[in-house]
Amino acid sequence: MILNIVAIVLSVLALASSSYLAFRQAVLMKQSNHLPAYLWLFNEFRSVEFQDRYRYVCEQLQREHDPQLGVSGLPEDARRAVYDIGYFFQQCISLRRLNIVDDEVIMTMSMRTVRVWRAIAPFVEREREINSEQGPKLLSILEDFADDARRHPEEFRRSILHGRRRS
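Reference entry: report on the structure contained in this document. (Residues numbered from 1 in each chain as written. Predicted model: local features only at pLDDT ≥ 70, side-chain atom pairs only at ≥ 80, totals over all residues. Heavy atoms only, no water.)

So, on to the environment of Asn99. Here Asn99 shows up in the loop between helix H5 (76-97) and helix H6 (103-130). Judged by relative accessible area, Asn99 falls into the partly exposed class, the value being 42%. Each C-alpha atom, one on Asn99 and one on His34, is 9.3 Å from the other, the two residues being 65 residues apart in sequence. Here Arg96 takes part through its side chain, which lies 2.5 Å from a polar atom of the side chain of Asn99. (Helix = DSSP H or I, 4+ residues; strand = E, 2+ residues; numbered from the N terminus. Buried < 20%, exposed > 50% of the residue type's maximum accessible area, 1.4 Å probe, protein only. Polar contact = N/O pair within 3.5 Å; in protein donor to acceptor, adjacent residues only side chain to side chain.)

What follows covers the packing of H5 against H6. At a closest axis distance of 10 Å, the pairing of H5 and H6 adopts a crossing angle of 145 degrees. H6 is crossed by H5, and the crossing has left-handed handedness. Along the contact surface, H5 presents Val82, Ile85, Gly86, Phe88, Phe89, Cys92, Ile93 and Arg96, while H6 presents Asp103, Ile106, Met109, Arg112, Thr113, Val116 and Ile120. A per-class count over the contact of H5 with H6 returns 10 nonpolar, 2 polar and 3 charged. (Axes fitted to C-alpha atoms, helices over the stretch in contact; angles between N-to-C directions. Left-handed = near helix turned anticlockwise from the far one by under 90°. Contact = heavy atoms within 4.5 Å. Nonpolar A, V, L, I, M, F, W, Y, C, P; charged D, E, K, R; others polar.)

Core analysis: the largest hydrophobic core is formed by 39 residues, its most contacted members being Leu61, Phe89, Val101, Val116, Trp117, Ile120 and Leu142. When contributions to this core are tallied by element, the ones reaching two or more residues are helix H2 (35-45), helix H3 (48-59), H5, H6 and helix H7 (140-151). Here this core takes 11 residues from H6, the largest share from any one element. Residues within four places of Trp117 in sequence aside, it is in contact with Val124, Glu125, Arg128, Leu139, Leu142, Glu143, Ala146 and Asp147. (Core = buried A, V, L, I, M, F, W, Y, C linked by side-chain atoms within 4.5 Å.)

Worth remembering: the numbers are spatial, not functional.
See below:
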């Protein structure tokens, strides 16, 4: 009788440990599959060109150009900077929504995202008016994320860190 109980306990322990190890292996495999996305983010973010475009968009764009031009009416260099920076941050947010990028990465970028959106919002909103037939709103994921981060920074931070957000 006692040997049967020992055998059952050992079987349950073996099942529990193998289930845990299988789950842990699946998590590690998923994380390793995300490595290329992380490398792309970090390589792009740390480049001098990216930082120069970011600074230009946040500090000079509105001083040098009229938002009534929209994005498409900007000179090529300015338009390229707006699209490169805006879509970089939107892609980061999208990668988070797909659970490819961790919340901590997004949290470190949230204030930069707000700053970028403030800088490009008048141009993007005008572009939406000019090209209203293009379907989904231009950079709407970036706008939603930046608005949430700006309006409720502490609540936003807590919800991200405790996994209660979709983005």
